[in-house]
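Read off the chains here:
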Amino acid sequence: MQHQRLARAIGSTIALLALASTSHAVILRVDTNVVGGAGTGEDWPNAIPDLQSALDLAAVLPGADDIWVADGVYHPGALPTSTYSVSSDTRVFGGFTGFGEQEETLLEQRNVFLNESILSGDLNGDPCDPTTDAHHVITVPSGEGQIRIDGVIIEFGNASGGAPEPRGGALHVEQPDSLNLVNCTLRNNLGGFGGGAIYLGSPTGGGGGEGDGIVQIYNCTFENNAVLNADGIGGAIQAAFNNVLTVVNSVFYSNIANTSEVAPPGRGGAIFTVSSIDLFNCTFANNSTDPAGQGGAVFIDGPGGAGGTLLAKNCIFWGNTSSCGTLDCSADIWWAQFPSALSITSSTIIAVLPIVWCTGKENAPGNPPGGFDPTACGNIQLDPVFADGVRLTGGSPAIDSGDPDPLAIPQDPLNVDDDPPPAPPEPTPDRDLGTRILTVVDMGAFEFGNMSTACPADVDGDNEVGFTDLIAVLAAWGTCDCTIACPEDIDGDGDVGFLDLVSVLSTWGPCPGSSSDPGPTFDEMLAGAGLTPSDWEVFEDCLQNGTEAQQKNCICWLEHYLIECTPLCSQPPNCPDGDPLAKH
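Quick caveat, the model's predicted, so the values are computed rather than measured. (Residues numbered from 1 in each chain as written. Predicted model: local features only at pLDDT ≥ 70, side-chain atom pairs only at ≥ 80, totals over all residues. Heavy atoms only, no water.)

Caption draft 1: Looking closely at the confidence of the model for the chain. Summary statistics for the chain give a mean pLDDT of 80 and a share of 79% for residues scoring 70 or more. Counting contacts from residues 338–347, a segment whose pLDDT is below 50, to residues more than four positions away or on other chains yields 48 contacts. (pLDDT = per-residue confidence, 0-100. Contact = heavy atoms within 4.5 Å.)

Caption draft 2: View of the packing of helix 4 (residues 498–506) against helix 6 (residues 533–545). Taken N-terminus to C-terminus, the directions of helix 4 and helix 6 make an angle of 140°; their axes are 9 Å apart at the nearest point. Across the interface between the two elements, F498, L501 and L505 of helix 4 pack against W536, E540, L543 and Q544 of helix 6. Classifying every residue of the contact of helix 4 with helix 6 gives 5 nonpolar, 1 polar and 1 charged. (Axes fitted to C-alpha atoms, helices over the stretch in contact; angles between N-to-C directions. Helix = DSSP H or I, 4+ residues; strand = E, 2+ residues; numbered from the N terminus. Nonpolar A, V, L, I, M, F, W, Y, C, P; charged D, E, K, R; others polar.)

Caption draft 3: Structural detail: the pattern of salt bridges. Counting across every chain of the model gives 8 salt bridges. Note that R110 is salt-bridged to D418, the shortest N-O span being 2.7 Å. Of the two residues, R110 sits in the loop between strand 5 (90–96) and strand 6 (117–120) while D418 sits in the loop between strand 34 (342–345) and strand 35 (464–465), which places them 308 residues apart along the sequence. For D150, the salt bridge identified is with R148, shortest N-O distance 2.7 Å. Exposure remark for D150: the relative accessible area of 0% places this residue in the buried category. The class for R148 is buried, based on a relative accessible area of 9%. Three or more residues are tied together by salt bridges with common partners; here these are R110, R148, D150 and D418. (Salt bridge = Lys/Arg side-chain N within 4 Å of Asp/Glu carboxyl O. Buried < 20%, exposed > 50% of the residue type's maximum accessible area, 1.4 Å probe, protein only.)

Caption draft 4: Molecular detail of the pairing of strand 16 (residues 214–218). Across the 5 residues of strand 16, 4 count as buried, placing the element largely inside the fold. Looking at chain direction, strand 12 (residues 178–182) and strand 16 are connected through 5 bridges and run parallel. In the strand pairing of strand 16, L181 is matched with I217. Of the strand pairs in this sheet, strand 16 and strand 20 (residues 245–248) are connected by 4 bridges, and their pairing is parallel. Along strand 20, the bridge assignment pairs V215 with L245. (Pairing = 2+ DSSP bridges.)

Caption draft 5: Representation of the sheet that holds strand 9 (residues 153–155) within the structure. Taken in spatial order, the 8 strands make up an open sheet running 3-6-9-13-17-21-26-31, and their pairing is parallel. Taken across any chain shown, the strands that pair with only one partner, and hence form the sheet edges, are strand 3 (72–74) and strand 31 (316–318). Averaged over all pairs of adjacent strands, the angle between strand axes in this sheet comes to 10°, irrespective of strand direction. Where strand 21 (residues 251–253) lies against strand 26 (residues 283–285), 3 bridges are found, and the strand directions are parallel. For F252, the partnering residue across the bridge sits in strand 26 and is F284.

Caption draft 6: Quick peek at the environment of G39. Summarising the element assignment, G39 is placed in the loop between strand 1 (27–30) and helix 2 (51–60). For G39 and A54, which are 15 residues apart along the polypeptide, the C-alpha to C-alpha distance reads 9.5 Å.

Caption draft 7: Local environment of the packing of helix 3 (residues 467–475) against helix 4. The geometry of helix 3 relative to helix 4 is characterised by a closest axis approach of 10 Å and an angle of 180° between their N-to-C directions. As the angle between them shows, helix 3 and helix 4 are arranged roughly antiparallel. Contacts between helix 3 and helix 4 pair D469, L470 and V473 from the former with D500, L501 and V504 from the latter. (Parallel < 35°, antiparallel > 145°, perpendicular 65-115°, else oblique.)

Caption draft 8: Spotlight on the state of the cysteines. Taken as a whole, this structure holds 2 disulfides when the rule is applied. Disulfide pairing places C542 opposite C554 at an S-S distance of 2.0 Å. Across the S-S bond linking C542 and C554, the dihedral sits near 100°, which makes this disulfide right-handed. Residue C542 is located in helix 6, and its partner C554 is located in helix 7 (residues 548–564); the two are separated by 12 residues in the primary sequence. Residue classification places C554 among the buried positions, given a relative accessible area of 5%. With a sulfur-sulfur separation of 1.9 Å, C556 is cross-linked through a disulfide to C575. Judged by the sign of its S-S torsion, about -85°, the cystine formed by C556 and C575 is left-handed. A residue pair is termed long-range when its members are at least 10 positions apart, and C556 in helix 7 and C575 in the segment after helix 7 qualify at 19 residues. C315 provides the cysteine sulfur closest to C282, a residue in no disulfide bond, and the two sulfurs are 4.8 Å apart. In this structure C282 comes out as buried when scored by relative accessible area, which is 0%. (Disulfide = S-S within 2.5 Å.)

Caption draft 9: Molecular detail of the sheet that holds strand 10 (residues 158–159). The strand order across the open sheet built from 6 strands is 10-14-18-22-27-32, with neighbouring strands paired in parallel fashion. Each edge of the sheet is formed by a strand with only one pairing partner; in this case those strands are strand 10 and strand 32 (321–322). Direction of pairing for strand 14 (residues 190–191) relative to strand 18 (residues 226–227): parallel, over a ladder of 2 bridges. Bridging from a neighbouring strand, L190 pairs with A226 of strand 18.

Caption draft 10: Helix 7, seen in detail. Here helix 7 spans 23 Å end to end across 17 residues, near enough to the 24 Å set by a 1.5 Å rise per residue. Within the sequence span of helix 7, burial applies to Q551, N553, C554, I555, W557, L558, H560, Y561 and L562. Of the surrounding secondary structure, the elements contacted by the buried residues of helix 7 are helix 3, helix 5 (522–528) and helix 6. (Expected span 1.5 Å × (residues − 1).)

Caption draft 11: Here's a closer look at the nonpolar core. Judged by nonpolar contacts, the single largest core of 67 residues is most densely connected at I67, L200, F222 and F284. Ranked by the residues each element gives to this core, the list is headed by helix 2, at 5 residues. Ignoring anything within four residues of it in the chain, the contact list for L200 reads V173, P176, L179, V215, I237, Q238, A239, A240, F241 and L245. The next biggest cluster of nonpolar side chains, apart from the first, holds 36 residues, and it includes C480, C542, C554 and Y561. (Core = buried A, V, L, I, M, F, W, Y, C linked by side-chain atoms within 4.5 Å.)

Encoded structure:
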């Protein structure tokens, strides 16, 4: 298969050499849904159907540095050893509509939220069976030169089990040189010993610290990645290189280091690093080391006992867990050594019972309560009040609570929002590509109040959160099937429940940035079904605090009132128990 791909790539080179001689850069277009065409990639009607063929062509065609990928699902091959091999000085951009649609001609015309370019290691079409998944969806054999991966979803890589290198299910980089990961989502990837989603290190693996380079992660989401083996490290990322890892406006949600039932425990539910790490406006929520471990969100080690360093500005650490049960175990952040420079400053929200150090404060693990003052650095210990597990709601203490100094906010050196050239100097937009500072910068990856293109509670995709989304959440109540196709699970915890219902209600109305006409308000919808605010409180209490059987009955009656009782109730529903309102 690889020989066939290379032959096609070389054959296509002839058709494009003229373009390369007259243009500074050649853009190769990839669209799995293209029909006909020459397969040269020179425009969307002649797009290359296979991404690896485009990567092969880019490696031999002068000036072909940029690859544009249309929406669709792409697989690296048919075998677990198949992988997308990205060579030096290549930039891959997803988020295009591609053939027969808008057929974009400019980078700024793409939309990474609406047009999902999915690079999937799920080779057998069964997301619940990882045994035949690709070991590494993307591989960078050597990090020489600049590589950018931008606007794609990378999922279902499985670097555990039979993988010869059990690290980096989504992205395995042997020796980072210059890697920029931008506007990407990495979800449902597995590692064996480290790096469920990403491994950054040396060809020999392990803690290493042999690979030097610049790695920047801007505006990315890491969700539901895991490391399976005992002593697993870095549920989302294992960084085993020497230079600074910079992460900006990114989300780490529900990643796990070590899902084994045996010791030794995992370390770094989201990130394990031996290098220094700078975190700006990131959100770490619901990450864990399981069944026991250290650093529910971040574990910082160091080669040869030297110790890594940390800078965290305007970040949120919330709901992360580690259960080793001692004062030496931090729910959020853990240092294995005494670093020479570490700082969690500029108004960072931290979870209950954290171990946190500030510059000039005590920095030894295991300080008893009162041995340091976590508020001395501008940190606060309050619930950030999330709407969907990671986004802020009105009244959140994270709003306008970040570092007020604009110079403390990273600028946008990578132009993550595709401003046409010349790109204006501005702070990096938030994770939804909205304005980063509305008044004072918020903590976390999302700026509250933006006209966001993302609208997670819009389950049915009609650009409005309303009645049909509410009914969809009620109908899907309970544990999701083992699949990513569970849009009703708005907070991404694997269950459709009360928090998902709250997310619908808290964002009721047209999605931000939508031109949809506003439908009836939630109160108007209740009134149309003959329900009063006190009636709703009964259902709300039942769905939040009731037993599973009570919730099932309340959902049945609530659907009856909302659907069948407008304008009149014709007959009682076939619910398992009586009407909780006693008014039918």
